[in-house]
Amino acid sequence: MVARSVMLREGTTQHIAAEFGLSAMKAFRGAGVNELLALFGGCFNCATCHVVVAGSWADRVGPPSADESDLFDCSARRAATSRLSCQIDIRSALDGLKVAIAQKD
C-alpha cells in the first residue's frame, strides 16, 4: 500500500491509502473521493478523471501517452502536469503522491 494526498476542488486535502495494482482513479473512488466523475470507470474514453499532478511528482508519474494527451484537447483546464487518473498505476515509487482533482470544464 502507498499513501496519497488528493486535493479536492474546494481546496481541502484527503489522505488515502491505495493498494498496488489499482489505478489512481479506482483508489480515489474506493476511498470515497466522489468529486472525480470518472464516467467510463477507467475505460480511457473521456477526461472526467482528470487530475493535476503536483510538479515535484510529475517525473515519477510520467507524461501522458499521445492518446491520453488527445483527450485533453477538449479541456480548458489542461495543465502541464495533467493526467487521467485512470492511467496512473499505483506502485511503490508513487508513495506520497500528491494530485489535485481538476476543476470542471
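The text that follows walks through the structure, step by step, so that each part is easy to find. All values reported here derive from a predicted model rather than from experimental measurement. (Residues numbered from 1 in each chain as written. Predicted model: local features only at pLDDT ≥ 70, side-chain atom pairs only at ≥ 80, totals over all residues. Heavy atoms only, no water.)

## A look at the packing of aromatic side chains
Right, on to step 1. For the structure on display, the rule yields zero aromatic pairs.
Right, on to step 2. The lysine or arginine in question, Arg60, covers the ring of Trp57, its NZ or CZ lying 3.9 Å from the ring centre. (Phe/Tyr/Trp six-rings, centres within 6.5 Å; stacked < 30°, edge-to-face > 60°. Lys NZ or Arg CZ within 6 Å of the ring centre and 35° of its normal.)

## Regarding the state of the cysteines
Right, on to step 1. The tally for this structure, following the rule as stated, stands at zero disulfides.
Right, on to step 2. Summary of cysteine pairing: Cys49 is not part of a disulfide, and the nearest cysteine sulfur, belonging to Cys86, is at 3.7 Å. (Disulfide = S-S within 2.5 Å.)

## Comments concerning the side chain of Ser23
Right, on to step 1. Mapped onto the secondary structure, Ser23 falls in the loop between β2 (13-18) and α1 (24-30).
Right, on to step 2. Here Ser23 is in contact with Ser85, Cys86, Ile88 and Ile90, once residues within four sequence places are set aside. (Helix = DSSP H or I, 4+ residues; strand = E, 2+ residues; numbered from the N terminus. Contact = heavy atoms within 4.5 Å.)

## Some details on the layout of surface pockets
Right, on to step 1. The computed volume of the largest pocket comes to approximately 190 Å³.
Right, on to step 2. Residue lining of the largest pocket: Arg9, Glu35, Leu37, Ala47, Thr48, His50, Ser75, Ile101, Ala102, Gln103, Lys104 and Asp105, and that is the complete set.
Right, on to step 3. Looking at side-chain class alone, the lining of the largest pocket contains four nonpolar, four polar and four charged residues. (1 Å grid on protein atoms, 1.4 Å probe; cavity = no way out; pocket = protein on both sides within 12 Å on 5 of 7 lines; lining within 4 Å. Points joined across faces, edges and corners; volume = space filled by probe spheres on them. Nonpolar A, V, L, I, M, F, W, Y, C, P; charged D, E, K, R; others polar.)

## A short note on the pattern of salt bridges
Right, on to step 1. For the coordinates displayed, the defined rule picks out two salt bridges.
Right, on to step 2. The residue Arg83 makes a salt bridge to Glu68 at a minimum N-O spacing of 2.8 Å. Of the two residues, Arg83 sits in strand β4 (residues 82-84) while Glu68 sits in helix α3 (residues 66-71), which places them 15 residues apart along the sequence.
Right, on to step 3. Overall, the relative accessible area of 5% leaves Arg83 in the buried class. (Salt bridge = Lys/Arg side-chain N within 4 Å of Asp/Glu carboxyl O. Buried < 20%, exposed > 50% of the residue type's maximum accessible area, 1.4 Å probe, protein only.)

## Quick word on the nonpolar core
Right, on to step 1. Of all hydrophobic cores here, the largest spans 26 residues; its most connected members are Phe28, Ile88 and Leu97.
Right, on to step 2. Elements supplying a minimum of two residues to this core: β1 (2-7), β2, α1, β3 (50-53) and β5 (97-101).
Right, on to step 3. Among all residues touching Leu97, those that are not within four sequence positions of it are Ala3, Arg4, Ser5, Val53, Trp57, Val61 and Ile88. (Core = buried A, V, L, I, M, F, W, Y, C linked by side-chain atoms within 4.5 Å.)

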